[in-house]
Amino acid sequence: MPADSKSPSLVRDLVTLQGQILAQQARHPEATGTLSWLLSALSISAKIIASHVRRARLEDVLGAVGSSNVQGEQQQKLDVIANEVLLRTLGRREGVAIIASEENEEPMILRTEKDGKARYCVLFDPLDGSSNLDVCGAVGTIFSILRYDRRAAHAEDSLLQPGSSQVAAGYILYGPSTVFTFTIGNGVDMFVLDPAIGAFVHVERELRIPASGKSYSVNEGNRLGFPAGYQAYLDFAQNNGYSSRYAGAMVADVHRTLLKGGVFLYPPTTKAPAGKLRLMYEANPMAMLVEQAGGKALAGPGQRILDERPTNIHQRTPVIIGSPDEVDLVIQHLQASGA
Ligand code: AHG
Ligand code: MN
Ligand code: MN
């Protein structure tokens, strides 16, 4: 605070991501600091990826590399760069046992000694919405942290935990500003990168999603392939003054939904009966964040995303995520149509 609180001051009272992580750690005397190191590795990765994203056109790293990832999707050059940044930064942290990326077919098993310090598995979508890059649209990174199960017969089996077991989850949005949002299971915190000081500055504590919001976010180009209940919901929304908002990057769409309310959908389609989004890298971390903010995240009626039992780290799931009242409305339409 300035000495004279009436006089204007250019000095802000600010809390940085680093400071907040250490403060949370201090509240848990039993904490070893391992999780704090992982979050700090993620924040460094975010700054590096943000700088590449910002300079993509100048560094000539736009466009496809000419190869496909394990999902059969075209990899963009920045998908590969962001993946490398995360693998390298997290890979050096001795608390990390296993890393799994949307871009790699197999997880990287780093440290599995039964008595070692490695306690966590980190899963991520290094660059979400990467097809937005060529047009300077928003993209993101999504991460999920699970406890490493030393008793698992095969190290990889440690990854196949339901989302309800996540220790932490979050996203980084690379938009007009870089936003780091995460939860360690006690509410949602949001930070914005201040490029002037190179630090993420705390902007929201215990963020709450609005209970309702008249906007829906879905790729309506796929509408004719949606189950009837989704089509009935869209009729309802359009007849009741809803707005349509779709960035084409889940991070950007969920970020807006968290702040403004509404619902984000990626339904099953006739071509993709399990939808497009990946349970472990996209749906689970976003579901944890949204639930921690007071929202709901379902795959269908009675199907909480966080309760899904994964059998494959790359599996997909339908997603209905957002304000509790809006998710309920979608579910009512699915139930009414017998879906
Ligand atoms: P990614 O770039 O990691 O493959 O993810 C893209 C995802 C998600 O971000 C977005 O919500 C969705 O794909 C958009 O898909 P459509 O183009 O089918 O709408
Ligand atoms: Mn993605
Ligand atoms: Mn991706």
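This text follows the structure it describes.
Thresholds applied
- Residues numbered from 1 in each chain as written.
- Chains lettered and ligands numbered in written order.
- Predicted model: local features only at pLDDT ≥ 70, side-chain atom pairs only at ≥ 80, totals over all residues.
- Heavy atoms only, no water.
- Buried < 20%, exposed > 50% of the residue type's maximum accessible area, 1.4 Å probe, protein only.
- Helix = DSSP H or I, 4+ residues; strand = E, 2+ residues; numbered from the N terminus.
- Pairing = 2+ DSSP bridges.
- Contact = heavy atoms within 4.5 Å.
- Axes fitted to C-alpha atoms, helices over the stretch in contact; angles between N-to-C directions.
- Near = heavy atom within 4 Å.
- Polar contact = N/O pair within 3.5 Å; in protein donor to acceptor, adjacent residues only side chain to side chain.
- Areas by Shrake-Rupley, 256 points an atom, 1.4 Å probe, with all protein chains shown as cover.
- Nonpolar A, V, L, I, M, F, W, Y, C, P; charged D, E, K, R; others polar.
- Domains from an automatic or database assignment.
- Patch = residues over 30% accessible without salt bridge, like charges linked within 9 Å, V, L, I, M, F, W, Y side chains within 5 Å.
- Salt bridge = Lys/Arg side-chain N within 4 Å of Asp/Glu carboxyl O.
- Lys, Arg positive; Asp, Glu negative; His and termini not counted.
- Charge placed at Lys NZ, Arg CZ, Asp CG, Glu CD.

Peer 1: Sorry if this is basic, but what is going on with helix α5 (residues 250-260) here?
Peer 2: For an α-helix, the turn length of 3.6 residues means that residues three or four places apart are oriented alike. Burial of α5 is extensive: eight of the 11 residues sit out of reach of the surface. Looking one or two residues beyond α5, the residue adopting positive phi is G261, at roughly 85 degrees.

Peer 1: Looking at this structure, how should I read the sheet that holds strand β13 (residues 263-266)?
Peer 2: Picture the strands of a sheet paired through backbone hydrogen bonds; they go either parallel or antiparallel. Across the sheet, six strands lie side by side as β12-β11-β13-β16-β14-β15; this open sheet has mixed pairing. Strands at the two margins of the open sheet, each flanked by one partner only, are β12 (243-244) and β15 (303-304). Across two bridges, strand β11 (residues 215-217) lies against β12 in parallel orientation. Its bridge partner being in β12, Y216 is matched across the sheet by S244. Helix-sheet contacts for helix α6 (residues 279-292) involve β14 (296-300), β15 and β16 (319-322), and the interaxial angle to β16 is about 30 degrees.

Peer 1: Got a minute to help me understand the sheet that holds strand β5 (residues 120-128) in this structure?
Peer 2: The strand order across the open sheet formed by eight strands is β4-β3-β5-β6-β7-β8-β9-β10, and the pairing between neighbours is mixed. The outermost strands of the open sheet, each flanked by one partner alone, are β4 (108-109) and β10 (199-204). Here β5 runs beside strand β6 (residues 139-147); their pairing, made up of seven bridges, is antiparallel. Looking across to β6, one finds that L123 is bridged to S144. Sitting on the sheet, helix α3 (residues 77-91) touches β3 (96-101), β4, β5 and β6, and the angle it makes with β5 is about 160 degrees.

Peer 1: For this particular structure, what's the right way to read the site of ligand 1?
Peer 2: Ligand 1 sits among 18 residues. The nearest are D128, G129, N219, Y246 and Y266. Measuring from an oxygen atom of ligand 1, one finds a side-chain N or O atom of E102 at 3.3 Å. Y266 is positioned such that a nitrogen or oxygen atom in its side chain is 2.6 Å from an oxygen atom of ligand 1. Computed on the free molecule, ligand 1 has an accessible area of 470 Å², of which 84% lies beneath the protein chains in the complex. Among the elements of the structure, β5 and β13 are those that each provide at least two residues to the shell around ligand 1. A per-element tally of the shell around ligand 1 places β5 first, with three residues. For the shell around ligand 1, the class distribution of residues is seven nonpolar, four polar and seven charged. Looking at the shell around ligand 1, you find at least three residues from each of domain 1 (17-204) and domain 2 (215-336).

Peer 1: Just to check I follow, could you spell out a negative patch on the surface for this structure?
Peer 2: A cluster of acidic residues, E105, E106, E156 and D157, forms a negative patch on the protein surface. Residue position: D157 is located in the loop between β6 and β7 (168-174).

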